[in-house]
Amino acid sequence: MEEGKLSRKDFLRRTGGLLAASIVPMSLVEIACGGRGKGTHEKFTFAFISDPHLTHIKGTNFVRNFDSGLNKAIETVNLMFPRPDFVVFGGDLAQLGKREELDHGMELLSKLKVPIKFVIGEHDYYLDLGNYWQDKISKLNYSFDHKGVHFVVLNSILTYDTWIKRWKTPEERMNEMARLDNPNGSPFMVGEDQIAWLKKDLENIISGTPLVVLSHSPLYKIYKPWNFWTDDAEKVQSILNRFDNVTVFHGHVHQVLYNQIKNISFYALMSTAWPWPYPESYTQSPNYIPKMTVFMNRQDPFHERDGTGWAFVNMDNAREEMHYKLWENKDRIVKYDDSAGHPVDSAYQKPETRILPQTHY
């Protein structure tokens, strides 16, 4: 291309990127199947929108800011060219699991012009234990294949029956599970029945097949007091260990996280509603994320969008390159480093270049 001239393709790519970076609180994932096993070897994209926490006030009134974040994501997906093949919704559509909140969320999501794959969150589940979600929205766990990639959706926010039966009313149970730092909470789990289902679902999938797992809570253990934790995560990991490469995308934590455990790469997606600080920066308490993870602290807690944003993932030859687009904070790129054997942050991997911890909360 001659200097000073811009092709239509490059113009659309650049202007689309600028538009997305300015308003999109969602994630765009691009997958190339080449090198990841048998399949169609065809590139495709899907968007990832998570954790809007739509909150009912009264009548037809909802918290406007949370609606705004979800609407921005929806509008931008519809304006994308080429349009993604589908959207993954990562959970916590509602704040307190009310039918009004779920119906309102589905009305907003109905504006999407592509199919939606749903993952349930704890805020959607614990009022009626997922009954309305299953009737009106989606199954709680399922799998599907798309252009050579096998996707598995897990309901990772189950917990122990003794805890569920502890509360007098569904509203009391929901309010307890909705709190972040809660001594009355209970750890999440996938559960034995679902683990058995996962084994059966994968038994005829060859080990070279690209495998993407979608969950709400992380399928590894981060920080138990905030329930950034899945009790039986190791059991799920053991089932996935026979595959050459596995990628897990999850919501729930409202922050940038990435991790590598053996053959499994984990990436957290941000919320369209609000960010959570890291436990280590907020409480000065240690957590269980491996040392390779770089902590991103919210620079100013009075900037409500610091820590929210979107990301897109390039997946090629079984390795991910995650581009985090952060509102009111610095963008970052995290990609797998073969020599290190885990994802590496291009800017903040070295301790001396990390953002300083914030202690003014």
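Refer to the structure presented above.
Cut-offs used in this document
- Residues numbered from 1 in each chain as written.
- Predicted model: local features only at pLDDT ≥ 70, side-chain atom pairs only at ≥ 80, totals over all residues.
- Heavy atoms only, no water.
- Pairing = 2+ DSSP bridges.
- Helix = DSSP H or I, 4+ residues; strand = E, 2+ residues; numbered from the N terminus.
- Axes fitted to C-alpha atoms, helices over the stretch in contact; angles between N-to-C directions.
- Contact = heavy atoms within 4.5 Å.
- Parallel < 35°, antiparallel > 145°, perpendicular 65-115°, else oblique.
- Left-handed = near helix turned anticlockwise from the far one by under 90°.
- Nonpolar A, V, L, I, M, F, W, Y, C, P; charged D, E, K, R; others polar.

## Focus on the sheet that holds strand β11 (residues 258-261)
Strand order across the open sheet formed by six strands is β7-β8-β9-β10-β12-β11, with mixed pairing between neighbours. Bordering the open sheet on either side are β7 (142-146) and β11, each of which pairs with just one other strand. With strand direction ignored, the average angle separating the axes of adjacent strands in the sheet is 20 degrees. As paired strands, β7 and strand β8 (residues 149-153) are joined by five bridges and run antiparallel to one another. Residue pairing in the sheet places Asp145 in a bridge with His150 of β8. Here helix α8 (residues 192-202) sits on the sheet and contacts β7, β8 and β9 (211-215); the angle it forms with β8, its principal contact strand, is near 170 degrees. Sheet contacts for helix α9 (residues 233-240): β9, β10 (246-250), β11 and β12 (264-268); angle to β12, the most-contacted strand, approximately 130 degrees.

## Focus: the packing of helix α2 (residues 64-79) against helix α3 (residues 99-109)
Two numbers describe how α2 lies on α3: the axes approach to 10 Å, and their chain directions differ by 30 degrees. It follows from the interaxial angle that α2 and α3 lie roughly parallel. Our pair here, α2 against α3, has a crossing hand that is right-handed. Of α3, the residues touching α2 (which contributes Asp67, Leu70, Asn71 and Ile74) are His104, Leu108 and Leu109. Counted by class, the contact of α2 with α3 contains four nonpolar, two polar and one charged residues.

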